[in-house]
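Survey of secondary and tertiary structure
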Amino acid sequence: MTPKTKNKKISAIKGTKDILPQEARKWQRVESVARRIFELYGYREIRTPIFEATEVFEKGTGQTTDIVIKEMYTFTDKGGRSLTLRPEYTPSVVRAIIENRLYLQPQPQRFYFMGPMFRYDKPQKGRYRQFHQIDIEVFGEKDPAIDAEIVEMAARLFKELNVVDVKLLVNSVGCRKCRPPYLEALRRKASEYSGQLCADCQRKIVTNPLRIFDCKVELCNEISRGFPNIIDYLCPDCKEHFSRFCSHLDLYGIKYTIEPRLVRGLDYYTKTTFEFVSSKLGAQDAVLGGGRYDDMMKAFGGPEICGIGFAMGLERFISVVPFEEEKEDFLYLAHMGDKAKKTGMELARFLRQNGIECLIEYKERSLKNQISRANKLGAKWVLIVGEEEVERGRYQLKNMDTGLQEDITKEEMPGILLA
């Protein structure tokens, strides 16, 4: 080890971040509410490996997508296999359903997932190279009522977490019957403006012209507004599906805007697409996005089962969730002397067994310093255990909000602290 290497500062990799305890409390709050809501709607958690065979994402995400072309963390392992850290979740779920034959089981094919994803993308506000998503997936439901239900479920999540100023955009991207004629018309129109489009959009004219609508270059964005709209090319089946989807949103009383340029960024989408956007996020304003992917399971070699779902980036979502600063609702146990320390350890165990969060520290400090320490940590209560308290079997409980103290027994503690 050279001196230069030895003294090199160790820091997090660019595009990653540490989630420290205070911030983690916010994550736990969001995850807890999401789990509860998803379970109410009949969803069950699924967990798949962080890395998969590279072809899982090439097949599921699409070889012409920016994710596959530019953004995947792909490596060759010691066995010579090409593996990829998951850049998104749906292909892993489809692979797991087929491999474990979950489609043969009677329970509803409704799944949710929370965990990290990886994309080698230029870090932006609210976007990281290791980021986290909440995903939901439904398989085997063709009725557009389920499309509306998962939108309503997302809206409920926003409401329970007091997220306001969000707008719902909806569209249809058609199916294998009606999309090819549209893509041809779009490709012809885009070719007329090829010289004015950015290099990336020029490439997309050939590979997948739909993705021109995703471009953030202002000139490309302006030009693409004059391109044909896919709504005008929908086949009767897709047109009816979209109409019924919108009528179900009306039934729920959910306001929406039809956005013909909303195409989603992945190859596997069919029919319904939707996105919630926030006015608080600037140019990268999407909070949650999803849609239908009816052909994906079959493309993986599985049965012909339709699917729909949504994904939400946690970093970005948490940035628009309002959180109230709350005092930590825990008890700090202050002890003085060896005998009191041992009694304090027993009391701490008793309190925890009764569901009371209790912190006892073992470094010797004066009572004044321990109370000061409890205040800095934000404790709601301090239980004072000294030699005299041990002899009497009665302890001083101090309320840190009011400053009041009361003399209580061990047996009285749960009733007072859990009131």
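Residues numbered from 1 in each chain as written. Predicted model: local features only at pLDDT ≥ 70, side-chain atom pairs only at ≥ 80, totals over all residues. Heavy atoms only, no water.

**Notes on a nonpolar patch on the surface**
- The grouping of Ile-50, Phe-51 and Phe-75 at the surface amounts to a nonpolar patch, some 260 Å² of accessible area in total.
- Here Phe-75 shows up in strand E3 (residues 73-76). (Patch = residues over 30% accessible without salt bridge, like charges linked within 9 Å, V, L, I, M, F, W, Y side chains within 5 Å. Areas by Shrake-Rupley, 256 points an atom, 1.4 Å probe, with all protein chains shown as cover. Salt bridge = Lys/Arg side-chain N within 4 Å of Asp/Glu carboxyl O. Helix = DSSP H or I, 4+ residues; strand = E, 2+ residues; numbered from the N terminus.)

**Section: the sheet that holds strand E10 (residues 286-292)**
- Spatially, eight strands are ordered E1-E5-E6-E11-E10-E9-E7-E8 in an open sheet, and the strand pairing comes out mixed. The open sheet has two edge strands, strand E1 (44-45) and strand E8 (257-258), and neither has a second partner.
- Bridge count for strand E6 (residues 130-139) against strand E11 (residues 307-313) is seven bridges, and the pairing is antiparallel. Counted as the bridge partner of Gln-133 is Gly-313 from E11.
- Of the strands in this sheet, strand E5 (110-118) and E6 touch helix H5 (residues 90-99), which is tilted by about 45 degrees from E6.
- Packed on one face of the sheet, helix H6 (residues 144-160) meets E5, E6, strand E7 (166-172), strand E9 (270-278), E10 and E11 and runs near 20 degrees to E11. (Pairing = 2+ DSSP bridges. Contact = heavy atoms within 4.5 Å. Axes fitted to C-alpha atoms, helices over the stretch in contact; angles between N-to-C directions.)

**Things to note about the pairing of strand E15 (residues 394-399)**
- Of all the six residues making up E15, five are buried; the element is thus mostly covered by neighbouring parts of the structure.
- As paired elements, strand E14 (residues 381-385) and E15 share four bridges and run antiparallel to each other. Considered in E15, the bridge of Trp-381 is made with Asn-399.
- Here E15 folds back onto strand E16 (residues 405-409) in antiparallel fashion, the turn holding five residues, of which Gly-403 has a positive phi close to 80 degrees. (Buried < 20%, exposed > 50% of the residue type's maximum accessible area, 1.4 Å probe, protein only.)

**Thoughts on the pairing of E14**
- Taking burial as the measure, the five residues of E14 include five buried ones, the bulk of the element.
- Burial along E14 is two-sided: Trp-381, Leu-383 and Val-385 facing one way and Val-382 and Ile-384 facing the other are all buried.
- The pairing of strand E12 (residues 331-335) with E14 spans five bridges and is parallel. Paired with His-335 across the bridge in E14 is Val-385.

**Topic: the sheet that holds E15**
- Strand order in the open sheet formed by five strands is E13-E12-E14-E15-E16, and the pairing between neighbours is mixed. A strand with exactly one partner marks an edge of an open sheet, and here the two such strands are strand E13 (358-360) and E16. This sheet shows a mean twist of 30 degrees between the axes of neighbouring strands, independent of strand direction.
- Along the sheet, helix H13 (residues 338-353) makes contact with E12, E13, E14 and E15, crossing E13 at roughly 160 degrees.
- The strands touched by helix H14 (residues 367-377) are E12, E13, E14 and E15; relative to E12, the strand with the most contacts, the crossing angle is about 165 degrees.

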